[in-house]
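# Reading the structure
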Amino acid sequence: MSEMEGILYHADFRDRVHELADGSVDCLITDPPYGINYKSDRRKVALFKDGDAEIVGDGLEESLVLLDDMCRLMRPKLKSDAHIYIFTTWRVMHLVVPVVSRYFYVKNCLVWDKRVHGSGDLAHDYAPQHEFILYCWLDKDSGRPLALPRPTNVLPFIRLYGSQMSHPTQKPLALLQFLIEKSVPSGGLVVDPFAGSGTTLVAAKSLGCRYWGCEVDREYYEVAKKRLEDDVQLKLDVF
């Protein structure tokens, strides 16, 4: 890993995480399955077969097992002053926080303000316009300082529209770049065990950071691979 700018695997992270050296990772940023059986009527990218876009491992019990495995396996790989960002939703927050807290200290809960609301129940509910990001350290006093200027815990980054997305829960590149700029030293190593369409990895490369990621879904892996090759003209190793 030390001789590469980055690596992307088509694999379950549990089969590859042993390749990361202990104490080598500056920042873990990931958007794991939320456990809400997400299913979008948005078709997968035209490159692939038709079919509703779904998330592998998004059943509630399976998602919590994946989350526990990720936290347990990633903890020894992180540097002592590492930052951890884990995306989640209010629907499962009460289940996710206890799992994450077994392994990390939850320092704050960031609110991603999408600037544009979704639809949902038009007659009876408030229009949804946010997601949560757990900001964690290894231990209560271990995290490195954030880069200045000091940010607030509300992050206003406009969400992507359907025509801009190649993954049903794809996050805006600018949001991931912001987190990396605040948390990762120059040339540091960013890890995403649930790479999806590769936004975290593309953000890392665009900022001159090293990266390591896995994506279990072959179609999204191919999307991530292409984005990394197209968006950032740096060395890319994919498997």
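For the structure itself, look to the data block above.
In this report, the structure presented in the accompanying data block is examined.

## Topic: the overall build of the chain
Each helix and strand in the chain was counted, giving five helices and 11 strands. Per-residue burial over the chain gives 50% buried out of 239 residues. Partitioning the contacts of the chain with sequence separation of at least 6, the portion at a separation of at least 24 is 75%. Only carbon and sulfur atoms are counted for the fraction: they give 52% of the accessible area of the chain, which is about 11,700 Å².

## Let's talk about the nonpolar core
Ranked by size, the top nonpolar core spans 33 residues in total, and within it Met 70, Val 100 and Phe 104 carry the most contacts. Elements with a minimum of two residues in this core: strand E1 (6–10), strand E2 (25–30), helix H1 (60–74), strand E5 (78–88), helix H2 (93–101), strand E7 (130–137), strand E9 (189–192) and strand E10 (210–215). Beyond its immediate chain neighbours, meaning those up to four positions away, Val 100 contacts Leu 67, Cys 71, Ile 86, Val 106, Leu 134 and Cys 136. Formed by 29 residues, the second largest nonpolar core is a distinct cluster that contains Leu 110, Phe 157, Tyr 211 and Leu 228.

## Looking at the environment of Ala 174
In this structure, Ala 174 sits in helix H3 (residues 173–183). For Ala 174, a relative accessible area of 38% corresponds to the partly exposed category.

## Focus on the packing of aromatic side chains
Tallied over the entire structure, the rule returns five aromatic pairs. Summarising the aromatic geometry, the rings of Tyr 9 and Trp 212 are spaced 6.2 Å apart at their centres and angled 70 degrees between planes, so their arrangement reads as edge-to-face. Residue Tyr 9 is found in strand E1, and its partner Trp 212 is found in strand E10; the two are separated by 203 residues along the sequence. No difference in accessibility class separates Tyr 9 from Trp 212, as the two residues are buried. Taken together, a centroid distance of 6.4 Å and an interplanar angle of 85 degrees make the contact between Tyr 135 and Trp 137 edge-to-face. The exposure class of Trp 137 is buried, given its relative accessible area of 11%. By the ring-pair criterion, three or more aromatic residues cluster together here, those being Tyr 85, Tyr 135 and Trp 137. Note that Lys 171 overlies the ring of Phe 87, its terminal NZ or CZ placed 5.2 Å from the centroid.

## Regarding the pattern of salt bridges
Across all of its chains, the model carries 16 salt bridges by this definition. In this structure, Asp 81 engages Arg 144 in a salt bridge whose closest nitrogen and oxygen atoms are separated by 3.0 Å. Residue Asp 81 is found in strand E5, and its partner Arg 144 is found in the loop between E7 and strand E8 (154–156); the two are separated by 63 residues along the sequence. For Asp 81, a relative accessible area of 28% gives the class partly exposed. The buried category is assigned to Arg 144, whose relative accessible area is 12%. One salt bridge connects Lys 114 with Glu 131, and the closest N-O pair in it is separated by 2.8 Å. Here Lys 114 is found in the loop between strand E6 (105–113) and E7, whereas its partner Glu 131 is found in strand E7, with 17 residues between them in sequence.

## A short note on the pairing of E10
Within a regular beta strand, the side chains point alternately toward one face of the sheet and then the other, so they alternate between its two faces. Buried residues dominate E10, accounting for five of its six residues. With five bridges joining them, E1 and E10 adopt parallel strand pairing. Among the inter-strand pairings, His 10 is bridged to a residue of E10, identified as Glu 215. Across four bridges, the pairing between E9 and E10 is parallel. What sits directly across from Asp 192, in E10, is Gly 213. In this fold, E9 hands off to helix H4 (residues 199–206), which returns the chain to E10; that crossover is right-handed.

## A look at H3
Here H3 has its buried residues at Leu 175, Leu 176, Leu 179, Ile 180, Lys 182 and Ser 183. Seen along its axis, H3 keeps its buried residues to an arc of 165 degrees; they face one direction.

## Thoughts on unusual backbone geometry
The step from Leu 148 to Pro 149 runs through a cis peptide bond, and the omega angle for that step is 0 degrees. As for its position among the elements, Pro 149 is in the loop between E7 and E8. For Arg 115, which is not glycine, the phi torsion reads 70 degrees and is therefore positive. The residue Arg 115 is located in the loop between E6 and E7 in this model.

Calculation criteria
Residues numbered from 1 in each chain as written. Predicted model: local features only at pLDDT ≥ 70, side-chain atom pairs only at ≥ 80, totals over all residues. Heavy atoms only, no water. Helix = DSSP H or I, 4+ residues; strand = E, 2+ residues; numbered from the N terminus. Buried < 20%, exposed > 50% of the residue type's maximum accessible area, 1.4 Å probe, protein only. Contact = heavy atoms within 4.5 Å. Areas by Shrake-Rupley, 256 points an atom, 1.4 Å probe, with all protein chains shown as cover. Core = buried A, V, L, I, M, F, W, Y, C linked by side-chain atoms within 4.5 Å. Phe/Tyr/Trp six-rings, centres within 6.5 Å; stacked < 30°, edge-to-face > 60°. Lys NZ or Arg CZ within 6 Å of the ring centre and 35° of its normal. Salt bridge = Lys/Arg side-chain N within 4 Å of Asp/Glu carboxyl O. Pairing = 2+ DSSP bridges. Right-handed = clockwise from strand over helix to strand, strands pointing away. Arc of directions from axis to C-beta.

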